[in-house]
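The residues making up each chain are set out below.
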Amino acid sequence: MSEEVLYFFSGHEGALPIYHALEDQLTAMLPDLEIKVQQTQISFYNQRLFACVSFLPVRKKADRPENYLTITFGLNHLMESGRIDAASEPYPKRFTHHMMVGKREEIDEELLSWLQEAAVFAAEK
């Protein structure tokens, strides 16, 4: 784990195992994956940005897990799922989805299929 990633998780160390699970799965799934650690998010790129993780509070405080990551990804359609905490359409046929994840087990096939779809969508732009 890079120093940049460890610094990003300062004060949020409990969310680091969730991030590890996500990064491991994305790295295995997408061989051309590039990861950029920024001040407020860690971004995932193939040729273009397709997803990121942050600590964006997309739920009321009482509804947030103690440790969490918010995974944000873009698709060409609105994803209808109870797992999606917020979604918007900033441009026609470009939907941004925010999903809060509080356990490693939530990095599952369904989420990974959405991220794979987001990677394909970003590459086709």
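Look above for the structure.
Residues numbered from 1 in each chain as written. Predicted model: local features only at pLDDT ≥ 70, side-chain atom pairs only at ≥ 80, totals over all residues. Heavy atoms only, no water.

### A few points about the environment of Tyr68
Its location among the elements puts Tyr68 in the loop between β3 (49-54) and β4 (69-75). Look at Tyr68 and you get buried, because its relative accessible area is 12%. With 54 residues separating them in the primary sequence, Tyr68 and Gly14 have C-alpha atoms 7.9 Å apart. Excluding residues within four positions of it along the chain, Tyr68 makes contact with Ala15, Ile18, Phe55, Leu56, Pro57, Met100, Val101 and Gly102. There is a polar contact of 3.1 Å between the side chain of Tyr68 and the backbone oxygen of Phe55. (Helix = DSSP H or I, 4+ residues; strand = E, 2+ residues; numbered from the N terminus. Buried < 20%, exposed > 50% of the residue type's maximum accessible area, 1.4 Å probe, protein only. Contact = heavy atoms within 4.5 Å. Polar contact = N/O pair within 3.5 Å; in protein donor to acceptor, adjacent residues only side chain to side chain.)

### As for helix α2 (residues 16-29)
The first and last C-alpha atoms of α2 sit 20 Å apart over 14 residues, in line with the 20 Å expected at 1.5 Å per residue. Three or more residues of α2 are buried, namely Leu16, Ile18, Tyr19, Ala21, Leu22, Glu23 and Leu26. (Expected span 1.5 Å × (residues − 1).)

### Here we look at the sheet that holds strand β1 (residues 34-37)
With respect to topology, 6 strands assemble into an open sheet ordered β1-β2-β3-β4-β6-β5, the strand pairing being antiparallel. Strand pairing shows two members of the sheet lacking a second neighbour, β1 and β5 (86-91), which therefore form its edges. In this sheet, adjacent strand axes meet at a mean angle of 20° when their direction is disregarded. Here 4 bridges tie β1 to strand β2 (residues 42-45), and the two strands are oriented antiparallel to one another. Residue pairing in the sheet places Glu34 in a bridge with Tyr45 of β2. In the packing of α2 onto the sheet, contacts are made with β1, β2, β3, β4 and β6 (94-101), and the angle to β2 comes to roughly 10°. Lying on the sheet, helix α3 (residues 109-124) is in contact with β3, β4 and β6; it crosses β4 at an angle near 45°. (Pairing = 2+ DSSP bridges. Axes fitted to C-alpha atoms, helices over the stretch in contact; angles between N-to-C directions.)

### Topic: the side chain of Ser54
Within the fold, Ser54 resides in strand β3. Ser54 sits in the buried class, given a relative accessible area of 8%. Here the side chain of Ser54 touches Leu56 through a polar contact of 3.2 Å, landing on its backbone nitrogen.

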